[in-house]
Amino acid sequence: MKSRSFLLLLIISLFVFMLSGCGADNQTSVTPTPEPSTPPTPTPTPEPSPETSDSGSNKPKGPVYEPIGSSLAEAYADYFLIGTIYTPNTLVDPERSLVIEQFNCITPENIMKPESMQPSEGYFAFTLPDAMLKFAEENNIKVIGHTLVWHQQSGRFLGQTSDREKAIEQLRNHITNVVGNYKGRIMAWDVVNEAVKDGAPLPADGDWTKCLRETQWLRSIGPDYIEMAFRFAHEADPDAKLYYNDYNMNDEVKAKVVHAMVKDLRAKGVPIHGIGMQGHYDTNVSIESVEKSIKMFSELGVEVSITELDISVNDASVSKSLTEEQEVRQAIVYAKLFKLFKQYKDNIVRVTFWGTIDSKSWRRDKFPCLFRNDYTPKEAYYAILDPEKYLAEHGVAEE
Ligand code: G3I
């Protein structure tokens, strides 16, 4: 009887103790943290878990990247880097997870173009590229700078003067500030982009300067703007690889002009280390023409990179998704190209895709990417993972 009343007393005292605030810890007064004198850096809100984001239901809210378990970057680790484009959206899932699993190199699609880097004269905007560099460095991803000198997306003042000295100063200032700011952190720069005219054959005297595109820089400075750009970039970051980058480089006419230009510049001691073949192809591309150019450029002793690869499906209809036949046809072209690139692994440093999912591509109506809009891999993804096997399975191994 005695022990029962003792037990009752114990339970009542415990109950009262819990009601009064349960434990010494809570009674300790907490010293208030002083307000920071500068606003704290906002911590990114974690992405809601796809499983629970839809107010408790199990239905995912938007597309989710399901890890594939294989990685293009790993598949090509013994050959070359595998890149894709970066936009600020890359920081957010599902694209973030896709990029981290599949690629080891990124090129900013737009945020480093001249008008973005220097939106008004003398004002440089580093915030977006800084975030890109942070993401890349945290995930062991290399970064390509794109681009310093171009006729597009270059604002209203760069090179827009008839005063040659002023234009040179603008060129120097832009390159020195942008390249200098990221010294040691950007592996390679597309220094000059698309400076050669389409369909202009190299003249008999070999003077490539006659084949240059009419741009603000050609008008304001003259053909030597090209070598100046490379020299300024090299001064700002002597370790970065410096590229000339262009499209239609599998066109023999253009390839010969670029070959002559790079050969001449290198003979003059201009620090130009690589040629970027953009690679905006379609499903009718001649693999032989691509090989000819890779070979021709490699013979100059420079690096070659495929910098903006995408393969449009010629007969795709924007209102429909690709048929199985179209996906396979596109995959076969990708496989043939990668089989070729592997053969030139000693010269090719990087192959970068110009886009991840079709709907975000600049050529979205032609479905040129490796991933569908729901972030699942297309046939082309698997074709690239093992091109020889894919071609054998589709009866095109011996081509
Ligand atoms: O930023 C504005 C936005 O404020 C506006 O609301 C919107 C309305 O259309 O336009 C946005 O700018 C667009 C920009 O992409 C960012 O999305 C431009 O209009 C559009 O012209 C621009 O296109 C880019 C194009 O270069 C410009 O020439 C593409 O995204 C980009 O993929 C493409 O990339 C080029 C390479 O740099 C060089 N080689 C060829 C390649 C394909 O054209």
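Scroll up a little and you will see the structure.
To keep things clear, this report deals only with the structure shown in the data block. Since the model is a prediction, treat every value here as computed from it, not as a measurement.

## Observations concerning the site of the ligand
Neighbouring the ligand are 14 residues, the closest being Glu109, Lys113, His146, Gln152 and Glu308. Between the ligand and glutamine 278 there is a distance of 3.1 Å, counted from a nitrogen atom to a side-chain nitrogen or oxygen. Taking 790 Å² as the accessible area of the ligand by itself, protein coverage stands at 46%. Partitioned by chemical class, the residues of the shell around the ligand number three nonpolar, seven polar and four charged.

## Concerning unusual backbone geometry
With an omega of 10°, the peptide bond running from aspartate 93 to proline 94 counts as cis. Considering the arrangement of structural elements, one finds proline 94 in the loop between strand E1 (81-86) and helix H4 (95-102). Of note, the amide linkage connecting histidine 146 to threonine 147 takes the cis form, showing an omega dihedral of -5°. Position of threonine 147 relative to the elements: it lies in strand E3 (residues 142-149).

## What about helix H10 (residues 252-267)?
For H10, with 16 residues, the first-to-last C-alpha span of 22 Å sits near the 22 Å given by 1.5 Å per residue. Turning to H10, its buried residues number three or more, namely Lys254, Ala255, Val257, Val258, His259, Ala260, Met261, Val262 and Leu265. Looking at the residues trailing H10, positive phi occurs at glycine 269, about 80°.

## Some points on the packing of helix H7 (residues 164-181) against helix H9 (residues 225-236)
Two elements in contact, H7 and H9, have axes separated by 8 Å at closest approach and are oriented at 35°. The chirality of how H7 crosses H9 is right-handed. Counting all contacts with H7, which are made through Arg164, Ile168, Leu171, Arg172, Ile175, Thr176, Val179 and Gly180, the residues of H9 involved are Tyr225, Met228, Ala229, Phe232, Ala233 and Ala236. Of the residues that constitute the contact of H7 with H9, the class distribution is ten nonpolar, two polar and two charged.

## So, the packing of aromatic side chains
Scanning all chains against the criterion turns up 14 aromatic pairs. When the centroid spacing of 6.2 Å and the interplanar angle of 10° are considered together, the rings of phenylalanine 124 and phenylalanine 126 count as stacked. Accessibility assignment for this pair places phenylalanine 124 and phenylalanine 126 in one class, buried. By way of ring pairs, the aromatic residues Tyr76, Tyr79, Phe80, Phe103, Tyr334, Phe338, Phe341 and Phe353 are connected into one cluster. Stacked on the ring of tyrosine 247, the Lys or Arg lysine 254 has its end atom at 3.7 Å from the ring centre. Arginine 350 extends its terminal NZ or CZ atom over the ring of tyrosine 243, reaching a point 5.8 Å from the ring centre.

## Describing the pattern of salt bridges
Here the structure, examined in full by the defined rule, presents 21 salt bridges. Close ionic contact of glutamate 388 with lysine 342 constitutes a salt bridge, the shortest N to O distance being 3.1 Å. Taken together, the positions of glutamate 388 in helix H14 (residues 387-393) and lysine 342 in helix H12 (residues 324-343) put the pair 46 residues apart, joining distant regions of the chain. Residue classification places lysine 342 among the buried positions, given a relative accessible area of 16%. The network of salt bridges with common partners includes Asp198, Asp246 and Lys254.

Definitions and cut-offs
Residues numbered from 1 in each chain as written. Predicted model: local features only at pLDDT ≥ 70, side-chain atom pairs only at ≥ 80, totals over all residues. Heavy atoms only, no water. Near = heavy atom within 4 Å. Polar contact = N/O pair within 3.5 Å; in protein donor to acceptor, adjacent residues only side chain to side chain. Areas by Shrake-Rupley, 256 points an atom, 1.4 Å probe, with all protein chains shown as cover. Nonpolar A, V, L, I, M, F, W, Y, C, P; charged D, E, K, R; others polar. Helix = DSSP H or I, 4+ residues; strand = E, 2+ residues; numbered from the N terminus. Expected span 1.5 Å × (residues − 1). Buried < 20%, exposed > 50% of the residue type's maximum accessible area, 1.4 Å probe, protein only. Axes fitted to C-alpha atoms, helices over the stretch in contact; angles between N-to-C directions. Left-handed = near helix turned anticlockwise from the far one by under 90°. Contact = heavy atoms within 4.5 Å. Phe/Tyr/Trp six-rings, centres within 6.5 Å; stacked < 30°, edge-to-face > 60°. Lys NZ or Arg CZ within 6 Å of the ring centre and 35° of its normal. Salt bridge = Lys/Arg side-chain N within 4 Å of Asp/Glu carboxyl O.

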